[in-house]
Amino acid sequence: MVSRMALDLLDLLPAEWRDVMKPHLDLDATARLSSFVENAYATETVYPPRDDLFTAFRLTSPAHTRVLVLGQDPYFKPGQAHGLSFSVRPGVAVPPSLRNVYKELKDDLGVEPPRNGDLTGWASQGVLMLNAVLTVGVKPGSHANQGWEAFTDAAIKAVNDSPYRVVFVLWGSYARKKAVLVNNPQHVVLEAGHPSPMNPKGFLGSKPFSQIKTALLEAGRGEINWS
């Protein structure tokens, strides 16, 4: 019987991300996280599907990252999560938080949002749609405090190392705690309340999209086509 090779998260990362994140990672802790993730996929229902685990990193390289949008952890209902924060596949109902993001996009820039909840088009333009925890079981937050937070902090620190301006978009109290990781003066940090409808104040009216546009144009990094 041939033994199955152990999952190595660093091997699964695109090489460009592996190179910039590795200096910020504790490799022993990353090995423990790899074992946890491998066991979770083998023994329980996990979202997103394993092949979608690093979609955000595949679609948005470090050099092309212009905006980082940080979520907490993936959607936990079947068919929703596909590796991009706030995003769902075409044909899946747009979740309430993303509906509010789309409403703010329309109110802020007058832009008609995408027709579905798939944010792949944003990711392909340099918007890193990152969650702090990259897997979840059938309950929200069920894979928190297993090591993902340090792993994705390494991604944030790697983007902070970029010599080009990046706009960090931190919505909600959890994401806003990560502002301390962004200390390069050329970057811009935008903080607001979480877009969830359960948070009636602090997001709608915060005008993040016009602020992103201004910050990128000031730095000569172009615009994002949000539609």
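Quick caveat: nothing in here was measured; it's all calculated off a predicted structure.

**Section: the packing of aromatic side chains**
A complete count under the given rule lists 11 aromatic pairs for this structure. When the ring of W122 is compared with that of W226, the centres are 4.8 Å apart and the planes differ by 85 degrees; the resulting orientation is edge-to-face. Taken together, the residues span a long stretch of sequence, with W122 in helix α6 (residues 120-123) and W226 in the segment after α9 (208-218) at a distance of 104 residues. For the pair shown, W122 and W226 are each scored as buried. Taken together, W17, F54, F57, W148 and F151 form an aromatic cluster joined through their ring pairs.

**Structural notes on the pattern of salt bridges**
The full count for this structure, using the stated rule, is 7 salt bridges. The salt bridge involving R165 is made with E218; its shortest N-O contact spans 3.2 Å. Taken together, the residues span a long stretch of sequence, with R165 in the loop between α7 (148-160) and β3 (167-171) and E218 in helix α9 at a distance of 53 residues. E223 is the salt-bridge partner of K213, the closest N and O atoms lying 3.8 Å from each other. Placement of K213 in helix α9 and of E223 in the segment after α9 is noted, with a sequence separation of 10 residues between them. By relative accessible area, which is 43% here, E223 ends up partly exposed.

**Details of the sheet that holds strand β2 (residues 127-131)**
Strand order in the open sheet formed by 4 strands is β2-β1-β3-β4, with parallel pairing between adjacent strands. Edge strands, defined here as strands with exactly one partner in the open sheet, are β2 and β4 (188-192). Recorded for the sheet is a direction-independent mean angle of 20 degrees between the axes of neighbouring strands. Of the strand pairs in this sheet, strand β1 (residues 67-71) and β2 are connected by 5 bridges, and their pairing is parallel. Paired with L70 across the strands is L130, a residue of β2.

**A closer look at the environment of A154**
Inspection of the secondary structure puts A154 in helix α7. In this structure, the C-alpha to C-alpha distance between A154 and D19, residues 135 residues apart in sequence, is 11 Å. A154 has contacts with M21, H24 and L25, leaving out every residue within four places of it along the chain.

**Focus on the UniProt feature "domain: Uracil-DNA glycosylase-like" (unreviewed entry) in the chain**
Using the residue numbers shown here, the UniProt feature "domain: Uracil-DNA glycosylase-like" (unreviewed entry) corresponds to residues 58-216. For residues 58-216, the end-to-end C-alpha separation is 22 Å, with 29% helix and 13% strand making up the annotated structure.

**Regarding helix α5 (residues 96-109)**
Taking 1.5 Å of rise per residue, 14 residues should cover 20 Å, and α5 covers 20 Å from first to last C-alpha, within 8% of that figure. Those residues of α5 not exposed but buried are S97, L98, N100, V101, Y102, E104, L105 and D108. Elements in contact with the buried residues of α5: α6, β3 and α9. Phi for G110, located one or two positions after α5, is positive at around 70 degrees.

**A few points about the pairing of β2**
Each regular strand displays side chains that alternate between the two surfaces of the sheet. Burial analysis of β2 places 5 of its 5 residues in the buried class, the great majority of the element. Side chains of β2 alternate between two faces, with V127, M129 and N131 and L128 and L130 buried alike.

**Examining the UniProt feature "active site" (unreviewed entry) in the chain**
The UniProt record marks D73 with the feature "active site" (unreviewed entry), using the residue numbering of this structure. You can see D73 is positioned in the loop between β1 and α5. Non-local contacts of D73, meaning those with residues more than four positions away in its chain, are made with N131, V133, V136, P140, G141 and S142. A polar contact of 2.7 Å, which involves the side chain of D73, links it to the backbone nitrogen of G141.

**A word on the nonpolar core**
Across soluble globular proteins, nonpolar side chains show a tendency to be buried alongside one another. Grouped together as the largest cluster of nonpolar side chains are 68 residues, with contacts concentrated most on M21, W122, W148 and F151. For this core, the element with the most residues is α7, which contributes 7 residues. When near neighbours in sequence (up to four residues on either side) are disregarded, W148 contacts L9, L33, V37, L53, F54, A132, V133, L134, T135 and H143.

**Describing the pairing of β3**
Taken across its 5 residues, β3 has 5 buried, putting it largely inside the fold. Going residue by residue along β3, you find V167, V169 and W171 tucked away on one face and F168 and L170 tucked away on the opposite face as well. In the sheet, β1 pairs with β3 via 4 bridges, with the strands oriented parallel. Directly across from V67, in β3, lies its bridge partner V167. For β3 and β4, the ladder comprises 5 bridges, and the chain directions are parallel.

Basis of the calculations
- Residues numbered from 1 in each chain as written.
- Predicted model: local features only at pLDDT ≥ 70, side-chain atom pairs only at ≥ 80, totals over all residues.
- Heavy atoms only, no water.
- Phe/Tyr/Trp six-rings, centres within 6.5 Å; stacked < 30°, edge-to-face > 60°.
- Helix = DSSP H or I, 4+ residues; strand = E, 2+ residues; numbered from the N terminus.
- Buried < 20%, exposed > 50% of the residue type's maximum accessible area, 1.4 Å probe, protein only.
- Salt bridge = Lys/Arg side-chain N within 4 Å of Asp/Glu carboxyl O.
- Pairing = 2+ DSSP bridges.
- Axes fitted to C-alpha atoms, helices over the stretch in contact; angles between N-to-C directions.
- Contact = heavy atoms within 4.5 Å.
- UniProt positions renumbered as here; feature names shortened; annotations may be inferred.
- Expected span 1.5 Å × (residues − 1).
- Polar contact = N/O pair within 3.5 Å; in protein donor to acceptor, adjacent residues only side chain to side chain.
- Core = buried A, V, L, I, M, F, W, Y, C linked by side-chain atoms within 4.5 Å.

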